[in-house]
Amino acid sequence: MSNVALSTIRQRFHLRWLSRRPSRRTFDRRRPCPRLLPQFQTQWRGAKTRATVKFSELPQREIGAGENFLEEEEVGPAYPTVILQARNNMRKYENCVLLTRVGSFYELYFNQADKYGPLLNLKVAQKKTTAGPVPMAGFPFYQLDRFLKILVQDLNEFVAISEEFANNASGTVKSGGLLFDRKVTRTITPGTLIDEKFMDPYENNFLLALHPMDSHGSPNAPSNETIPAELATGSIPPALISKRIGLAWLDLSTGDFFTQTTTLGTLASAAARIGAREIVLSGDGNDSMQQSILDMLEQQRHLVTYHQNQLADDSISSWTLMLETEVPTNTQSSFSSEEVAAGSLLLAYVKDRLQGLGIKLQPPVRRQDKETMSIDKNSMRALEVLRTSKEGLGGGKGSLLHTVRRTVTKSGTRLLRDWIASPSMSLPVINARLDLVTQLRHDRAFREDITNLLRRTYDSQRLVQKFSMGRGDADDLMSLLRTIEATNGIASTLENRLSPSSTQPALDENDRNARRSLQALSSRLSLDGPNALAALINASVDEDGLMESHRIEETENADIVSLAQDVLQNEGSAEDQAAMSKVSKTKVKQKASTEQDPEEQDTWILRRSASPILEALHQALDGLRQDRVSLTSRLRDDLDAQSLTLRWTPGMGYICHVKGAKDVAASLKASAAARDVKTTKSTRAFHQSEWSSLGGKIDQAKQRIRAEEQRVFQQLRGQVVLNLVKLRLNAAVLDELDIGCSFAILAEEQGLVRPVLNLGLDHKIIGGRHPTVKLGLEEQGRAFVSNNCLIGERERIWLITGPNMAGKSTFLRQNALISILAQVGCFVPAEHAEIGLVDQIFTRVGSADNLFRDQSTFMVEMMETAAILNQATPQSFVIMDEIGRGTTPEDGIAVGFACLHHLYHKNRCRTLFATHFHALADMTKDFKHLACYCTDVAEENGGSFSFVHRLRKGVNRSSHALKVARLAGIPEAAIETARTVLESFTAQSPESVERALPQIAKA
Ligand SMILES: Nc1ncnc2c1ncn2[C@@H]1O[C@H](COP(=O)(O)OP(=O)(O)OP(=O)(O)O)[C@@H](O)[C@H]1O
Ligand SMILES: [Mg+2]
């Protein structure tokens, strides 16, 4: 039955919707829709490919402030007001999944209950209404985080949360007697999480906004007609490559806020580095820039949202209200106009999503392309810098980040991720980091002291951000207190290390530098304000009371679970009820809450000494409690009932409770002040005026205490906010120390060496190893063969040949990874490493089809190659693995040679080039600065062989492919056939092989 009813509702709902629009339209998802409205724009999700927009994705209409939804609904079925409100909210926030708070629950209705109930593993009930059954699913309010995680993080949905607000008298009348009104207080999208418990503590949750230059149709912008054909396939024509784009990104959970200007050519790499969960575009232009940006983002599977910035003022000063400190006027001019526009768009979007919830961000930090090594997006993926290609299966094991991470704090890990994705280009910065690692590497006891203290800290970056949004609770205060205590410990450990008595008499240059790096860190710690805050927290928060209140909360939550089951029983249809398992019914019975003495439930989270008022209020309460004890004993005596207790129950209010009812019957009658309310066989409950009045006073006293606690707590929050900047600065020092310790531990574990960075153009890596492959081999008990890499001005390109499986690709990658690690400030897996700073790393390895984008294997290969040849500079480091293998050997060789030629003559960058086209070695003989190296196979008697992974000078013309094919398990007969073909190849010309093929086939 319910199915029929449901489909009727759906049809009505659907038809009414469609009747508001001329017809169902098909949108080109890639084009911004001109009808988009300022709030909650339609999202084009990067990962989806449909050309037809689904019903829920139709552009929404704007709803005027005074519009009366209820009137509009008069023609429709008379749903209860709560459902009607929810339905109107579903309409208003139609791109969102609506969660409506009803009492202790969040509920979904109509088609959203049907769609998301099963996905959330919630039972979908049919709520009985006069207008027919309404599909409904819900969960207890305290599980909000859990369900938000599934909706926002796993399903990439946008969620609108509609909260309950008590109606005033006129509101109650207007709403037809409803005590509560419901309003959407926040919409949550993947990029606008604040402090949700499911957020990954080890990663930033960035929201990124882009503003392309010329998107307002300046004369420079190519018009629609001139969209070059290449754009359709995602490659960028040279004319647009250098067009500037403003980026602004922030993490609401930490308050981090950055801006950068980049170009269309490097946008993909910047986006890959930032790794935003959601990207906002203004969608106010329809030009080729917008189009190619969108193509690129879609290709990278980014979640893209459109939003129109309604702020009239597009200047940095308009950001001030959302910043913890103003951007100094003298630095304002350093931000480019694209960055300012992107920043304004970003903040406008956030403001809309948060619906008035205040935030305080850190002032924007301007990132510049030149400050960091750029790892292009292909390198990021191919070198598995942040995650492996099989991410999700092994939890990132095997990525560079995972391999080097020994951090012990969450925010330290987030900073490490940032460092690894954007290695530094500044010698002083890199050397300071290396100095710190050197110090921590050699002084194990010192390092262990620091890491032990770091382990005691909490994520103060995210904690203080919570306070800046007026959210932090007593637990957060305790976490801050512990962090400040640990910070003090760290400060004194640093001081001790720096004190003259602990230093050796003769300090060499390295020691002096290392001391300087410690000194710099130590001087950045500011403890005065935070220590005063810590003392205040210590004196105010009652930790025991806090723990007790958590225990009570848990009990209450258990009660709500049983209530949930009640609701389902009452509001679900007969079928729903029948479907309810016996198990849950038993649980409901077991969980029925018991009548309790309210005195047992009272816990205070603040010490009574937290304020003089609080002290006085507690004293007053103590007095009243004493009165209660006296009253109890007096009543016991007067009524001759020793079992008498004074209680409060929700139904009866203040009562005296007596066991053995008969015994007190007579004395009760005699007492004028007592009124019987409930009598059972064995108990008796009655009102007694003195207890009613005293009980009321106790209650009032408690309320006053609660209000005073709130006031004091608010003051404490204020104190945290006052110390915001200092706490953040201290946290940054702790994060850097965490990374320093992490690198030092890694260096010790894996025998890494300190690299020497310089401004030259040479790589001198002696005994280099691959950081991750080495570990993998060692796990299997195999040894890794180290190799030197001496490329630079003398030998700018290494052309590497050799058998399959002999380590060419590994060698290429290991040197790119070593360069990255060195510029991050980490020791490197080598015996010795001297590296001229690398401005960009480019990688062309493996094949990645992108058939969805209409790009074949070879197309992808060529696009990646194009990026390298167009962008590499003499300071860049390029690795190219088997370029040209996706086409005929002749074409492949031609392309391979052209690349070598271009890299050698035009880009002039350091290049490692691995190939199976041996002809390339002959063709590049007169390239003076190109050297040939190779790997090998060692054949032993009896047909066994082994790979020689050590590189030697020269060219190896045999690939030994059949040996690898046999190892891989190709059937012996097929191997034989291949061998026959190969032999005829070497003996004869290819034409004669073709003639011989029928014979081979017969054999
Ligand atoms: N230096 C080394 N020492 C020990 N083992 C190595 C070394 N380099 C690579 N290997 C092992 O050899 C395997 C194959 O290496 P790699 O993929 O680099 O070979 P390749 O020469 O690129 O082969 P192909 O030509 O087939 O691409 C690696 O997975 C690793 O197990
Ligand atoms: Mg290879």
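Per an unreviewed UniProt entry, the protein goes by the name DNA mismatch repair proteins mutS family domain-containing protein and belongs to Lepraria finkii. UniProt lists a comment for the protein under the heading Sequence similarities (unreviewed entry), and it reads "Belongs to the DNA mismatch repair MutS family."

Colleague: Looking at this structure, how should I read the overall build of the protein?
Modeller: Within the protein, the secondary structure is distributed over 37 helices and 28 strands. For the protein, with 1003 residues in total, the buried portion stands at 52%. Sequence separation of 24 or more characterises 73% of the internal contacts of the protein that already satisfy a separation of 6 or more. With an accessible surface of roughly 44900 Å², the protein has 53% of that area assigned to carbon and sulfur atoms.

Colleague: It is not clear to me how the sheet that holds strand β14 (residues 374–375) should be interpreted in this structure. Could you clarify?
Modeller: As a general point, the strands of a sheet are linked pairwise by backbone hydrogen bonds and lie either parallel or antiparallel. Taken in spatial order, the seven strands line up as β14-β24-β25-β26-β22-β27-β28 in an open sheet, and their pairing is mixed. The strands lining the two open edges of the sheet, one partner per strand, are β14 and β28 (945–953). Pairing analysis gives four bridges linking strand β22 (residues 797–801) to strand β26 (residues 910–914), with the strands arranged parallel. Across the sheet, residue Leu-799 finds its bridge partner in β26, namely Phe-913. Sheet contacts for helix α35 (residues 961–968): β27 (930–939) and β28; angle to β28, the most-contacted strand, approximately 140°.

Colleague: I'm lost on the sheet that holds strand β6 (residues 158–166) in this one. Help?
Modeller: The sheet built from six strands is open, its strands ordered β4-β5-β3-β2-β6-β7 with mixed pairing. A strand with exactly one partner marks an edge of an open sheet, and here the two such strands are β4 (125–127) and β7 (180–188). Adjacent strand axes in the sheet meet at a mean angle of 40° when their direction is disregarded. Bridging between β4 and strand β5 (residues 134–140) involves three bridges; their strand directions are antiparallel. By the bridge assignment for β5, Lys-127 is matched with Val-134. Sitting on the sheet, helix α12 (residues 337–354) touches β6 and β7, and the angle it makes with β7 is about 150°.

Colleague: Just checking my understanding: could you explain the nonpolar core for this structure?
Modeller: The tendency in soluble globular proteins is for nonpolar side chains to be buried side by side. By size, the foremost hydrophobic cluster in this structure holds 75 residues, and its most contacted members are Ile-420, Trp-798, Ile-820 and Leu-912. Excluding residues within four positions of it along the chain, Trp-798 makes contact with Asn-788, Cys-789, Leu-790, Ile-791, Phe-811, Thr-911, Leu-912, Phe-913, Ala-931, Tyr-933 and Leu-951. Within the second largest apolar cluster, 43 residues are counted, among which are Val-82, Ala-86, Trp-319 and Leu-345.

Colleague: For this particular structure, what's the right way to read the pairing of strand β23 (residues 832–836)?
Modeller: Where a strand is regular, its side chains alternate between the two sheet faces. As paired elements, strand β19 (residues 756–758) and β23 share three bridges and run parallel to each other. The residue bridging Val-756 from the neighbouring strand is Glu-834, located in β23. Relative to β23, strand β20 (residues 763–768) runs antiparallel, the two sharing four bridges. Each residue of the ladder has a partner; that of His-763, found in β23, is Ile-835.

Colleague: Explain helix α16 (residues 427–442) here, please?
Modeller: Note that an α-helix has 3.6 residues per turn; residues three or four places apart therefore point the same way. Taking 1.5 Å of rise per residue, 16 residues should cover 22 Å, and α16 covers 22 Å from first to last C-alpha, within 8% of that figure. N-capping of α16 is provided by Ser-426, with a side-chain oxygen placed 3.1 Å from the backbone N of Val-429.

Colleague: Explain unusual backbone geometry to me, please; I cannot follow it from the model alone.
Modeller: In terms of backbone geometry, most residues other than glycine have negative phi values and most peptide bonds are trans. The phi dihedral of Phe-110 falls on the positive side, at around 50°, and the residue is not glycine. As for its position among the elements, Phe-110 is in helix α4 (residues 110–119). In this structure Phe-110 comes out as buried when scored by relative accessible area, which is 3%. For Arg-908, which is not a glycine, the phi torsion comes out positive at approximately 55°. By the secondary structure assignment, Arg-908 is in the loop between α33 (889–907) and β26. Its relative accessible area of 43% is what places Arg-908 among the partly exposed residues.

Colleague: How should helix α28 (residues 689–722) be read in this particular structure?
Modeller: The terminal C-alpha atoms of α28 lie 50 Å apart, and with 34 residues this matches the ideal 50 Å at 1.5 Å per residue to within 8%. For α28, the N-terminal capping position is held by Gln-688, with its side-chain oxygen 3.0 Å away from the main-chain nitrogen of Glu-690.

Colleague: Help me understand the environment of Gly-117 in this model?
Modeller: Summarising the element assignment, Gly-117 is placed in helix α4. Separated by 18 residues in the primary sequence, Gly-117 and Pro-135 have C-alpha atoms spaced 9.5 Å apart. Those residues in contact with Gly-117 that lie beyond four places of it in its chain are Gln-112, Leu-122, Val-124 and Ala-137.

Colleague: Looking at this structure, how should I read the packing of aromatic side chains?
Modeller: Aromatic rings considered in pairs are described by the distance between their centres and by the relative angle of their planes. This structure, assessed with the given rule, holds 11 aromatic pairs. Geometrically, the ring pair formed by Phe-257 and Trp-319 is tilted, given 5.5 Å between the ring centres and 45° between the ring planes. One end of the pair, Phe-257, is in strand β10 (residues 256–263); the other, Trp-319, is in the loop between β12 (303–306) and α11 (329–332), and 62 residues separate them in sequence. We classify Phe-257 as buried; its relative accessible area is 1%. The exposure class assigned to Trp-319 is buried, which follows from its relative accessible area of 1%. Centroid distance Trp-798 to Phe-811: 6.0 Å. Interplanar angle 10°. Geometry classified as stacked. Residue Trp-798 is found in strand β22, and its partner Phe-811 is found in helix α31 (residues 808–824); the two are separated by 13 residues along the sequence. Take Trp-798: its relative accessible area is 2%, and that puts it in the buried class. One aromatic cluster is present, built from ring pairs that chain together Tyr-106, Phe-139 and Phe-147. The ring centre of Trp-419 lies 3.5 Å from the NZ or CZ of Arg-433, which sits over that ring.

Definitions and cut-offs
Residues numbered from 1 in each chain as written. Chains lettered and ligands numbered in written order. Predicted model: local features only at pLDDT ≥ 70, side-chain atom pairs only at ≥ 80, totals over all residues. Heavy atoms only, no water. UniProt positions renumbered as here; feature names shortened; annotations may be inferred. Helix = DSSP H or I, 4+ residues; strand = E, 2+ residues; numbered from the N terminus. Buried < 20%, exposed > 50% of the residue type's maximum accessible area, 1.4 Å probe, protein only. Contact = heavy atoms within 4.5 Å. Areas by Shrake-Rupley, 256 points an atom, 1.4 Å probe, with all protein chains shown as cover. Pairing = 2+ DSSP bridges. Axes fitted to C-alpha atoms, helices over the stretch in contact; angles between N-to-C directions. Core = buried A, V, L, I, M, F, W, Y, C linked by side-chain atoms within 4.5 Å. Expected span 1.5 Å × (residues − 1). Polar contact = N/O pair within 3.5 Å; in protein donor to acceptor, adjacent residues only side chain to side chain. Phe/Tyr/Trp six-rings, centres within 6.5 Å; stacked < 30°, edge-to-face > 60°. Lys NZ or Arg CZ within 6 Å of the ring centre and 35° of its normal.

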